Amino acid sequence: MAKGITKRAEDYSRWYLDVVAAAELAEHSPVKGCMVIKPNGYALWEKIQATLDKMFKDTGHVNAYFPLFIPESFLKKEAEHVEGFAPECAVVTHGGGKKLEEPMVIRPTSETIIWSTYKKWIQSYRDLPILINQWANVVRWEMRTRLFLRTTEFLWQEGHTAHATAEEAEQETMQMINVYRRFAEEYLAAPVFVGVKTESEKFAGAVRTYSIEAMMQDGKALQSGTSHNLGQNFAKAFDVTFQDENGKLDYVWATSWGVSTRLIGALIMIHSDDNGLVIPPRLAPLQVVVVPIWRSDEEKQKLLSHVEKITGDWKDRFSFKVDDRDNYRPGWKFNEWEKRGVPIRIEIGPKDLENDQVVVVRRDTGEKSFIPQGQLVELLPRLLDQIQQDLYDRAKKMREENTFYADDWNSFVKRIDDPGGFYWLHWCGSDACEAQLAEQTKATIRLIPFDGEKESGKCVLCGADSDRRVLVAKSY
RNA sequence: CGGGGCGUAGCGCAGUCCGGUUAGCGCGCCUGCUUUGGGAGCAGGAAGUCGAGAGUUCGAAUCUCUCCGCCCCGACCA
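Counting starts from 1 at the beginning of each chain's written sequence and moves along it residue by residue. Think of it this way: whatever chain is written first is A, whatever ligand is written first is 1, and the rest follow in order. The predicted nature of this model means local features are confined to residues of pLDDT at least 70 and side-chain atom pairs, given and counted, to a pLDDT of 80 or more, with totals for whole chains, interfaces and linings taken over all residues. Excluding hydrogens and water, the side-chain values take into account all heavy atoms of the structure.

A. Representation of the overall build of chain A in the model. When its secondary structure is counted, chain A shows 14 helices and 25 strands. Here the globule rule reads 2.2 Å times residues to the power 0.38, and the radius of gyration is calculated from C-alpha atoms. The C-alpha radius of gyration of chain A comes to 25 Å, within 12% of the 23 Å expected for a compact globule of 476 residues. Split into buried and exposed, the 476 residues of chain A put 54% on the buried side. Taking the intrachain contacts of chain A between residues at least 6 apart in sequence as the baseline, contacts between residues at least 24 apart amount to 69%. The Shrake-Rupley method, run with a 1.4 Å probe sphere, supplies the accessible areas, and residue values consider only the shown protein chains as cover. Carbon together with sulfur atoms contributes 49% to the accessible area of chain A, which is approximately 21,900 Å² in total. Strands are runs of DSSP state E lasting at least 2 residues, helices are runs of H or I lasting at least 4, and numbering of each runs from the N terminus. Residue exposure (1.4 Å probe, protein chains only): buried if accessible area is under 20% of the type maximum, exposed if over 50%, otherwise partly exposed. By definition in these notes, contact holds between two residues if any of their heavy atoms fall within 4.5 Å.

Here is the structure:
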């Protein structure tokens, strides 16, 4: 049925690449680690963008754009930041045929260029808050790349806000991680855990990093969005101060937050199957495809004009397309739309015309049903909602079945390799135990949960007291 | 950076070990006819600086050397 797609059970990572290729989402570019995002993939990104952009605007943010090039010296102003990012920066040394006086880095993230700019914009508390987002590309020279999950250049959005108080900055950081959580759950149909990153995993230059973590079908974790409380670190590095209501000078409080084209990788690895891509209806660029089936030109004309009648009141309710291409046969088209992940396919042929019905096929389950034509306009939106919900429920069930509690080190070490999955462990909070965990199991502490219940226990590594469990998994 | 693989038509590959006419095959593409409810059939056709350079040889996709690039697996990371 699915020619050219490796089975998940056989080789998960080849399956992933096959799905990307079969759905024509992206391909490798001539430059190592970079990808060409093809129209199907970009359409998905545009849906993600449109949805998030609205959520950002609804929470009071506005868009702006800052330059791709950053003077190298800017990056060096915040000690932790430069340490974290310098190794993965691409640096431009020449321009206009001449060696530059100061090299420029291609942004790996924009905190430095933005805070050097905010310095000029902020004098008083009346200038605050600044709530800016930008949609941009960034470059990080990673050693190993994977389409969408980690590429040298990728597309993302980065929010950069400036506040008068620590409380307000914290509130913003929290608000945005919740926006991401809501996006993941309601649009990506991806259940996520939300929490705080450990010191060693947090953003370079942040005081605290919050993250959402989703489980892929192979039981590995994917960090799908992060929100950082930057404290006054960047304000201090760039000397950004403001005068408060009492005339007192203080450094500005900052946050930053982002999600990237990696979300497309998450979408693929959470929902897709051995037949190809499965897209949650709310993010599907195309939600319903109609495949008419005819045997003669006369029949074709009759069918197409009938289809036009049926679909007349579909506009503005959901997106759809009638695949009236003459050069492909129906079976070929079924397969094509399946690989591309279109949530609902409708087949309509001569027999259906006679019986005043159509065949409705769900992409996620493959289930076929005969539906009276008059009911479609009501049924299809409901079915799209149902599929959205079912995808979420299925993903959640998968996650629950692969999330475990572990208190014994030795059995945990075995189980993290096979069957893998997520583990709630007691951890004392020390860097040493965290490092040892990573070294011995290749799994890492994904986060310390916000809503984790207090529970006293012993660190699974050293036996010291612990008052809550942390989420541990292997990750992408 | 280590390990593995690959580079021959748009894509996937064979041919390379053991040099020898005009470099093949499948898919795709073009033309025509027949087809059309799960990847259609037949006939005809177009399409290649064999990753690059140098060397050996009467003769190189094939042997030698050098270089380049990409993919996969690991160490770094959204």
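B. Fine view of the packing of aromatic side chains. Two rings from Phe, Tyr or Trp (for Trp, the six-membered ring) form a pair when their centres sit within 6.5 Å of each other. Planes less than 30 degrees apart are called stacked, planes more than 60 degrees apart edge-to-face, and all others tilted. For the structure on display, the rule yields 23 aromatic pairs. Here a set of aromatic residues connected by ring pairs shows up, and it is made of W45, F56, W135, Y180 and W257. Counted as over-ring charges are cases with an Arg CZ or a Lys NZ within 6 Å of the ring centre that also lie within 35 degrees of the ring normal. Lying across the ring of Y187, R282 places its NZ or CZ 4.2 Å from the centre. One cation-aromatic arrangement involves R399 over F193; the distance from NZ or CZ to the ring centre is 3.8 Å.

C. Expanded view of the nonpolar core. Here, the term nonpolar core denotes a set of buried Ala, Val, Leu, Ile, Met, Phe, Trp, Tyr and Cys residues that are joined through side-chain atoms within 4.5 Å. Membership of the largest hydrophobic core comes to 71 residues, with the highest contact counts inside it found for L52, F148, F183, M216, I268 and F412. Among the elements that take part in this core, helix α8 (residues 262-271) stands out by supplying seven residues, more than any other. Beyond its immediate stretch of four places on either side in the chain, F148 contacts Y16, V20, L25, A26, M35, T261, R262, I264, G265 and I268.

D. Here's a closer look at the protein's contact with RNA strand B. R144, R150, R262, R345 and D352 are the nearest of the 43 residues found near RNA strand B. Put simply, 47% of the atoms of RNA strand B that lie within 4 Å of the protein are in sugar or phosphate. The definition of a polar contact used here is a pair of N or O atoms within 3.5 Å, where within protein one atom must be able to donate a hydrogen and the other to accept one, and adjacent residues in sequence count solely through side-chain atom pairs. In the model, a base nitrogen of RNA strand B is placed 2.6 Å from a nitrogen or oxygen of the T151 main chain. Between a base nitrogen of RNA strand B and a side-chain N or O atom of K339, the distance comes to 3.2 Å. Looking at the surface near RNA strand B, the elements with two or more residues in it are α1 (12-22), α10 (330-340), β17 (344-348) and α11 (350-355). Of the residues forming the surface near RNA strand B, the biggest block, seven residues, is contributed by α10. Under the scheme applied, nonpolar residues are Ala, Val, Leu, Ile, Met, Phe, Trp, Tyr, Cys and Pro; charged residues are Asp, Glu, Lys and Arg; polar residues are all the others, including Gly. Of the residues that constitute the surface near RNA strand B, the class distribution is 15 nonpolar, ten polar and 18 charged. Throughout, the term near means that a residue has one or more heavy atoms lying within 4 Å of the molecule or strand in question.

E. Structural view of the pairing of strand β19 (residues 368-372). Pairing between strands is defined by DSSP: at least two bridges between them are needed. Here five bridges tie strand β18 (residues 357-362) to β19, and the two strands are oriented antiparallel to one another. Note on β19: the bridge partner recorded for V359 is F370. Hairpin connection from β18 to β19: five residues lie between these consecutive antiparallel strands, with G366 at a positive phi of about 80°.

F. Expanded view of unusual backbone geometry. In the segment running from L128 into P129, the intervening peptide bond is cis, with an omega of -5°. Take P129: it is sitting in the loop between α5 (111-121) and β7 (130-139). Looking along the chain, the bond that leaves D418 and enters P419 is cis, with omega of 15°. Summarising the element assignment, P419 is placed in the loop between α13 (409-417) and β21 (422-426). With a phi close to 55°, A189 is a non-glycine residue in the positive phi region.

G. Region of the structure containing the pattern of salt bridges. The rule for a salt bridge is simple: a side-chain nitrogen of Lys or Arg has to be within 4 Å of a carboxyl oxygen of Asp or Glu. Evaluated as defined, the whole model comprises 32 salt bridges. Between E299 and R295 there is a salt bridge, with the nearest N and O atoms lying 3.2 Å from each other. A residue is classified by how much of its surface remains accessible, and E299, at 19% relative accessible area, is buried. Residues R469 and D407 are paired through a salt bridge, measuring 2.9 Å at the closest nitrogen-oxygen approach. Residue R469 is located in strand β25 (residues 469-473), and its partner D407 is located in the loop between β20 (403-405) and α13; the two are separated by 62 residues in the primary sequence. With relative accessibility at 11%, the residue R469 sits in the buried group. Via salt bridges that share partners, K197, E201, E213 and R446 belong to a single interconnected network.

H. Just the side chain of T51, in detail. Mapped onto the fold, T51 is located in helix α2 (residues 39-58). If we skip the residues at most four places from it in the chain, T51 touches F183, Y187 and L283.

I. Looking closely at the domain arrangement of chain A. Boundaries between domains were set according to an automatic or database domain assignment. Taken domain by domain, chain A holds domain 1 (47-271), domain 2 (288-383) and domain 3 (403-473). Each of domain 1 and domain 3 has a C-alpha centre, and these two points are 28 Å apart. On inspection of domain 1 and its partner domain 3, the count reaches two salt bridges. A salt bridge links E213 to R446, with the shortest nitrogen-to-oxygen separation between them at 3.1 Å. Viewed at the interface, domain 3 and domain 1 are joined by six residue pairs in polar contact (both at pLDDT 80 or more).

J. Looking closely at the sheet that holds strand β6 (residues 98-106). Judged by pairing direction, the sheet is antiparallel, and its three strands sit side by side in the order β4-β6-β5 without closing on themselves. Each edge of the sheet is formed by a strand with only one pairing partner; in this case those strands are β4 (69-71) and β5 (91-95). The average angle at which neighbouring strand axes cross in this sheet is 50°, direction not considered. For helices, the axis comes from a line fit to the C-alpha atoms of the stretch in contact; other axes are also lines fit to C-alpha atoms, and the angle between any two N-to-C directions lies between 0 and 180 degrees.

K. Molecular detail of the environment of Y476. Position of Y476 relative to the elements: it lies in the segment after β25. In this structure the C-alpha to C-alpha distance between Y476 and R146, which are 330 residues apart in sequence, comes to 9.6 Å. Apart from residues lying up to four places away in sequence, Y476 is in contact with Y12, R146, L149, R150, M216, D218, K220, A221, L222, R262 and M269. Here D218 takes part through its side chain, which lies 2.5 Å from a polar atom of the side chain of Y476.

L. Here's a closer look at α2. Taking 1.5 Å per residue as the helical rise, α2 with its 20 residues ought to reach 28 Å, and the 28 Å between its terminal C-alpha atoms agrees with that figure. Every buried residue belonging to α2 is among G41, L44, W45, I48, Q49, T51, L52, D53, M55 and F56, and all of these are buried. Residue G60 follows α2 closely and has a positive phi angle near 90°. Each helix should span, by expectation, one fewer than its residue count multiplied by 1.5 Å.

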